[in-house]
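Next come the chains, spelled out residue by residue.
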Amino acid sequence: ASYERKYPKPLFNKGVRIENEDHVGHIMRETDDKIVIFGEYNYRFDVPKSKIKEVGRNVILDMKYPELFKFKVDRNTPLPSDESIAELVDE
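Residues numbered from 1 in each chain as written. Predicted model: local features only at pLDDT ≥ 70, side-chain atom pairs only at ≥ 80, totals over all residues. Heavy atoms only, no water.

1. Topic: the pairing of strand β6 (residues 58–61)
Inspection of the sheet shows strand β1 (residues 15–18) paired to β6 by four bridges, in the parallel sense. Paired with glycine 15 across the bridge in β6 is asparagine 58. Where strand β5 (residues 52–55) folds back onto β6 in an antiparallel hairpin, the turn is made up of two residues. (Pairing = 2+ DSSP bridges. Helix = DSSP H or I, 4+ residues; strand = E, 2+ residues; numbered from the N terminus.)

Spelled out as structure tokens, the structure:
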């Protein structure tokens, strides 16, 4: 909830950078608690929103490049579902 007050606009397709401004990729999915980033070399990262440092033209993550790889997942893994989207589909 505090995240929504801080960053009210959707993050889809925003560029993502780490704290030293290196480009990581683009947000392809946003859920209540994480962002899914598709980057170069077919990398995919599922990063908790708690790691977001700031949002402007790009999303800046509060981490260095090696830490980002803790969140690397197989690119073909199904995208995470968002509970609020699932509820709308069920109605």
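Continuing now.
2. Thoughts on the nonpolar core
Judged by nonpolar contacts, the single largest core of 15 residues is most densely connected at Ile35, Ile37, Val47 and Leu61. Listed by contribution, the elements that provide at least two residues to this core are β1, β2 (23–30), β3 (34–39), β4 (44–48) and β6. (Core = buried A, V, L, I, M, F, W, Y, C linked by side-chain atoms within 4.5 Å. Buried < 20%, exposed > 50% of the residue type's maximum accessible area, 1.4 Å probe, protein only.)

3. Quick notes on the sheet that holds β1
The seven strands are arranged β5-β6-β1-β2-β3-β4-β7 in an open sheet whose pairing can be described as mixed. With one partner strand each, in any of the chains shown, β5 and β7 (72–73) form the two edges of the open sheet. Across five bridges, the pairing between β2 and β3 is antiparallel. Bridge pairing links isoleucine 27 to isoleucine 37 in β3.

Keep in mind these values describe shape, not function.
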